[in-house]
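Fold and geometry: a report
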Amino acid sequence: MLQGIVTLLAMIAFLGVCVWAYSRHKKADFEEAARLPFNDEEEDGHEAHRKENRS
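So, here is what we can say about the structure in this document. (Residues numbered from 1 in each chain as written. Predicted model: local features only at pLDDT ≥ 70, side-chain atom pairs only at ≥ 80, totals over all residues. Heavy atoms only, no water.)

1. What to know about the overall build of the chain
A tally of helices and strands in the chain yields two helices and zero strands. Counting all 55 residues of the chain, 4% fall into the buried class. Of the roughly 5,400 Å² of accessible surface on the chain, a fraction of 63% belongs to carbon and sulfur atoms. (Helix = DSSP H or I, 4+ residues; strand = E, 2+ residues; numbered from the N terminus. Buried < 20%, exposed > 50% of the residue type's maximum accessible area, 1.4 Å probe, protein only. Areas by Shrake-Rupley, 256 points an atom, 1.4 Å probe, with all protein chains shown as cover.)

2. With respect to the pattern of salt bridges
According to the stated counting rule, one finds two salt bridges in the structure shown. Here K26 makes a salt bridge to D29, at a shortest N to O gap of 3.4 Å. Looking at K26, the relative accessible area reads 18%, which means it is buried. A salt bridge links K27 to E31, with the nearest nitrogen and oxygen atoms 4.0 Å apart. In this pair, K27 and E31 are both assigned in helix α2 (residues 27–54), four residues apart and thus about one turn of the helix distant. (Salt bridge = Lys/Arg side-chain N within 4 Å of Asp/Glu carboxyl O.)

3. Looking at the packing of aromatic side chains
Counting across every chain of the model gives one aromatic pair. Measuring from centroid to centroid gives 5.6 Å for W20 and F30, while their planes differ by 85 degrees, and the two rings are edge-to-face. Pair noted here: W20 is in helix α1 (residues 2–21) and F30 is in helix α2, with a separation of 10 residues, a long-range link. Its relative accessible area of 36% is what places F30 among the partly exposed residues. The ring of F30 carries K26 above its face, with NZ or CZ at 5.9 Å from the centroid. (Phe/Tyr/Trp six-rings, centres within 6.5 Å; stacked < 30°, edge-to-face > 60°. Lys NZ or Arg CZ within 6 Å of the ring centre and 35° of its normal.)

In C-alpha coordinates:
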(Lines give C-alpha, C1' and ligand atoms only; values in the text may rest on other atoms or scores of the structure.)
Protein backbone atom coordinates (compact mmCIF):
# COMPACT_ATOMS: atom_id res chain seq x y z
CA MET A 1 0.00 0.00 0.00
CA LEU A 2 2.75 2.45 0.97
CA GLN A 3 4.72 1.66 -2.21
CA GLY A 4 1.66 2.49 -4.30
CA ILE A 5 1.25 5.87 -2.59
CA VAL A 6 4.93 6.71 -3.04
CA THR A 7 4.76 5.69 -6.70
CA LEU A 8 1.68 7.85 -7.22
CA LEU A 9 3.34 10.86 -5.56
CA ALA A 10 6.48 10.39 -7.68
CA MET A 11 4.37 10.22 -10.85
CA ILE A 12 2.47 13.37 -9.88
CA ALA A 13 5.77 15.17 -9.19
CA PHE A 14 7.18 14.03 -12.55
CA LEU A 15 4.09 15.22 -14.42
CA GLY A 16 4.22 18.52 -12.56
CA VAL A 17 7.82 19.08 -13.66
CA CYS A 18 6.89 18.21 -17.26
CA VAL A 19 3.99 20.67 -17.26
CA TRP A 20 6.22 23.38 -15.75
CA ALA A 21 9.03 22.76 -18.25
CA TYR A 22 6.79 22.85 -21.30
CA SER A 23 4.58 25.73 -20.22
CA ARG A 24 4.55 28.73 -22.56
CA HIS A 25 5.43 31.33 -19.93
CA LYS A 26 8.84 29.66 -19.31
CA LYS A 27 9.78 29.42 -23.00
CA ALA A 28 11.61 32.76 -23.12
CA ASP A 29 13.63 31.90 -20.01
CA PHE A 30 14.67 28.55 -21.44
CA GLU A 31 15.58 30.04 -24.83
CA GLU A 32 17.79 32.61 -23.10
CA ALA A 33 19.44 29.86 -21.03
CA ALA A 34 20.01 27.82 -24.19
CA ARG A 35 21.99 30.71 -25.74
CA LEU A 36 24.29 31.18 -22.70
CA PRO A 37 27.03 28.73 -23.81
CA PHE A 38 27.29 30.46 -27.17
CA ASN A 39 27.60 33.87 -25.54
CA ASP A 40 30.54 32.60 -23.46
CA GLU A 41 32.24 31.15 -26.55
CA GLU A 42 31.95 34.45 -28.38
CA GLU A 43 33.55 36.32 -25.50
CA ASP A 44 36.26 33.67 -25.05
CA GLY A 45 36.86 33.52 -28.79
CA HIS A 46 37.50 37.26 -28.99
CA GLU A 47 39.96 37.09 -26.11
CA ALA A 48 41.78 34.13 -27.64
CA HIS A 49 41.91 35.89 -31.00
CA ARG A 50 43.41 39.00 -29.40
CA LYS A 51 46.04 36.92 -27.58
CA GLU A 52 47.01 35.15 -30.81
CA ASN A 53 47.48 38.47 -32.60
CA ARG A 54 49.84 39.70 -29.85
CA SER A 55 52.16 36.69 -30.24
